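Here is how the chains run, residue by residue.
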Amino acid sequence: MVLAVVLISELLAVVLALARSNAGAFLTDLARLSLFAQWLGLTGAGLLCFCRPRLAPLSVPATTAVIFALLMGNTALFSALAIWFGRNQQRLGFDAALFSADEWHFLLRNEAICAIVTALVLRYFFVAHQWRHHVRAEARSRIDALQARIRPHFLFNSMNTIAALTRSDPARAEEAVEDLADLFRATLRDSDRPLTIKEELELTRIYQRIEELRIGDRLKVEWDVAGVPMRAKIPSLTIQPLLENAIYHGIEPLDTGGTVAISGRVEGGRLVFSVTNPMPRSATAERSGNRLALDNIRQRLRLAYAEQGVLEVEPGPERYRVTLRFPLEL
């Protein structure tokens, strides 16, 4: 932001210097105007930063009025200092006329320029704020839509499993109901709040327990996440859908089942998670919906981390691996 203030001030000085009729004095005018514009820009920005805690609770019209008053007052103060310097520049040892001693013309011109530039900058920030608000609202609605997509087969299979357990093993049926409730509670929570890695992994293990009740010994899950900081943040329901995808497309079609490997590590300031599952040998065993599930997770990462959130797919003849890479946030 400081760099932006410096560039805007310098561009304004260049424009004002070019607008003067005396082309031979361009460099002198540019030096004088640059010095004055940089002082105004940087002191004005510092003044607004200092007053920010007091401006934040105000309404937009009130904030706009206060900002106008602060910047106009700051301009008037430095204009007065420049006028004083213009009166006394020879006594201070400056032979060149750096600042005009024409008081009222100099002051009124600076105030008018300040009002125009402030209005344009405030309008820009207002439009940018509205745009960011719209983007956040759209992103949240898209995330909510993604979270609402729960595969119906999982719910039906889970309910059938619980119904069967109520006769043979009521205690495990009760645990399964509690796990299913926890899973759906996580699905319906506020999508704006990211989870910690610990919470996301607990949620994924809940899903694993529910599927183990249905699939039995055909499902094995190997975890290798000891090197991951559990306090790190992650978008909710990111790893769990990968396990669901691996079970649905890799384990269920196999008569003997298989093993899903979930690993996590920190690599170059980024979190890396990989989920690997066996591939059915028969092409007809591949189920639909795999691409849609991965696209949903890819959109979730893009909305949370922009280009820094990456989902990589490595299909192979025997193994299928999905890797997530996103910034480490504690």
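Just so you know, these numbers come straight off a predicted model, no measurement behind them. (Residues numbered from 1 in each chain as written. Predicted model: local features only at pLDDT ≥ 70, side-chain atom pairs only at ≥ 80, totals over all residues. Heavy atoms only, no water.)

Q: Would you take a moment to explain the overall build of the chain for this structure?
A: Of regular secondary structure, the chain possesses 9 helices and 7 strands. Partitioning the contacts of the chain with sequence separation of at least 6, the portion at a separation of at least 24 is 71%. Total accessible area on the chain is roughly 19,300 Å²; 61% of this is exposed by carbon and sulfur atoms. (Helix = DSSP H or I, 4+ residues; strand = E, 2+ residues; numbered from the N terminus. Contact = heavy atoms within 4.5 Å. Areas by Shrake-Rupley, 256 points an atom, 1.4 Å probe, with all protein chains shown as cover.)

Q: Even after reading the chapter, I still don't get the pattern of salt bridges, so can you show me in this structure?
A: A side chain of one charge can pair with a side chain of the opposite charge if their charged atoms are brought near each other. On inspection of all chains with the given rule, the structure shows 6 salt bridges. Here Asp179 makes a salt bridge to Arg209, at a shortest N to O gap of 3.0 Å. Of the two residues, Asp179 is situated in helix H6 (residues 170–188) and Arg209 in helix H7 (residues 197–215); the sequence distance between them amounts to 30 residues. Of the residues examined, Asp179 reaches a relative accessible area of 11% and is grouped as buried. Residue Arg325 is joined to Glu312 by a salt bridge in which the shortest nitrogen-to-oxygen separation is 3.3 Å. Of the two residues, Arg325 sits in strand S7 (residues 319–327) while Glu312 sits in strand S6 (residues 310–315), which places them 13 residues apart along the sequence. Through salt bridges with shared partners, a single network forms among Arg265, Glu267, Glu312 and Arg325. (Salt bridge = Lys/Arg side-chain N within 4 Å of Asp/Glu carboxyl O. Buried < 20%, exposed > 50% of the residue type's maximum accessible area, 1.4 Å probe, protein only.)

Q: Help me understand the packing of H7 against helix H8 (residues 240–251), please; the structure alone is not making it clear to me.
A: Between two packed helices, what matters for the description is the angle formed by their axes and the separation of those axes. Where H7 contacts H8, the two axes come as close as 9 Å, and the packing angle between them is 25°. Between H7 and H8, the angle falls in the class roughly parallel. As H7 runs across H8, the sense of the crossing is right-handed. Packed against H7, whose contacting residues are Glu200, Leu203, Thr204, Tyr207, Gln208, Glu211 and Ile215, the element H8 presents Gln240, Leu243, Glu244 and Ile247 at the interface. Partitioning the contact of H7 with H8 into residue classes produces 5 nonpolar, 3 polar and 3 charged. (Axes fitted to C-alpha atoms, helices over the stretch in contact; angles between N-to-C directions. Parallel < 35°, antiparallel > 145°, perpendicular 65-115°, else oblique. Left-handed = near helix turned anticlockwise from the far one by under 90°. Nonpolar A, V, L, I, M, F, W, Y, C, P; charged D, E, K, R; others polar.)

Q: What is the right way to look at the sheet that holds strand S2 (residues 219–224) in this model?
A: Either a parallel or an antiparallel arrangement is found when strands of a sheet pair, and the pairing is made through backbone hydrogen bonds. Taken in spatial order, the 5 strands of this open sheet run S2-S4-S5-S7-S6, and their pairing is mixed. The sheet terminates laterally at S2 and S6, the two strands that pair on one side only. The mean inter-strand angle of the sheet, taken between neighbouring strand axes irrespective of direction, is 15°. By the bridge criterion, 7 bridges tie strand S4 (residues 258–267) to strand S5 (residues 270–278) in an arrangement that is antiparallel. (Pairing = 2+ DSSP bridges.)

Q: Teacher, can you tell me more about the packing of aromatic side chains here?
A: For any pair of aromatic rings, geometry is given as the distance between the ring centres together with the angle between the planes. Under the criterion given, the structure shown has 4 aromatic pairs. An aromatic cluster of at least three residues, connected via ring pairs, comprises Phe273, Tyr305 and Phe326. (Phe/Tyr/Trp six-rings, centres within 6.5 Å; stacked < 30°, edge-to-face > 60°.)

Q: Explain a nonpolar patch on the surface to me, please; I cannot follow it from the model alone.
A: On the surface, Met1, Tyr124 and Phe125 cluster together to form a nonpolar patch covering roughly 390 Å² of accessible area. Structurally, Tyr124 is set in helix H4 (residues 103–147). Taking relative accessible area as the criterion, Tyr124 reaches 55% and is therefore assigned exposed. (Patch = residues over 30% accessible without salt bridge, like charges linked within 9 Å, V, L, I, M, F, W, Y side chains within 5 Å.)

Q: What exactly am I supposed to notice about the pairing of S6 here?
A: In regular strands, side chains alternate between the two faces of the sheet. Two strands pair when backbone bridges link them, and S6 and S7 are joined in this way by 6 bridges, in the antiparallel orientation. Considered in S7, the bridge of Val313 is made with Val322. Turn length for the S6-S7 hairpin, with the two strands adjacent in sequence and antiparallel, is 3 residues.

Q: Sorry if this is basic, but what is going on with the packing of helix H1 (residues 2–19) against helix H2 (residues 26–55) here?
A: Across the interface, H1 lies against H2 with an axial gap of 8 Å and an inter-helix angle of 145°. As for how H1 packs across H2, the hand of that crossing is right-handed. Across from Val2, Val5, Val6, Ser9, Glu10, Ala13, Val14, Leu16, Ala17 and Leu18 in H1, the residues of H2 making contact are Phe26, Asp29, Leu30, Leu33, Ser34, Ala37, Gln38, Gly41, Leu42 and Ala45.

Q: Looking at this structure, how should I read the side chain of Ser274?
A: Relative to the elements of secondary structure, Ser274 occurs in strand S5. Engagement of the side chain of Ser274 in a polar contact is seen with the side chain of Thr323, the distance being 3.3 Å. Leaving out residues up to four positions away in the same chain, Ser274 has contacts with Ala261, Ile262, Ser263, Arg265, Arg321, Val322 and Thr323. (Polar contact = N/O pair within 3.5 Å; in protein donor to acceptor, adjacent residues only side chain to side chain.)

Q: Would you mind showing me how to read the state of the cysteines here?
A: Here, the word disulfide means a covalent bond between the sulfur atoms of two cysteines. Under the criterion given, the structure shown has 0 disulfides. In this model Cys49 remains outside any disulfide bridge; the closest cysteine sulfur is found in Cys51, 9.5 Å from its own. (Disulfide = S-S within 2.5 Å.)

Q: Is there a simple way to think about the nonpolar core in this case?
A: Counting 39 residues, the largest nonpolar core has Ile197, Val260, Phe273, Leu324 and Phe326 as the members making the most contacts within it. Within the residue set of this core, elements represented by two or more residues are H6, H7, S2, H8, S4, S5, helix H9 (290–305) and S7. The contact partners of Ile197, leaving out residues within four places of it in the chain, are Val228, Pro229, Met230, Ala232, Ile234, Leu271 and Phe273. The next biggest cluster of nonpolar side chains, apart from the first, holds 6 residues, and it includes Leu40, Phe78, Ile83 and Phe106. (Core = buried A, V, L, I, M, F, W, Y, C linked by side-chain atoms within 4.5 Å.)

Q: For this particular structure, what's the right way to read H1?
A: Its 18 residues give H1 an end-to-end C-alpha distance of 26 Å, which sits within 8% of 26 Å, the value for a rise of 1.5 Å per residue. Buried within H1 we find Val5, Ser9, Ala13 and Ala17. Along the long axis of H1, the arc covered by the buried residues comes to 100°, so they all point the same way. Facing away from the buried side of H1 by more than 90 degrees, the exposed set consists of Leu3, Leu11, Val15, Leu18 and Ala19. On its buried face, H1 is in contact with H2. (Expected span 1.5 Å × (residues − 1). Arc of directions from axis to C-beta.)

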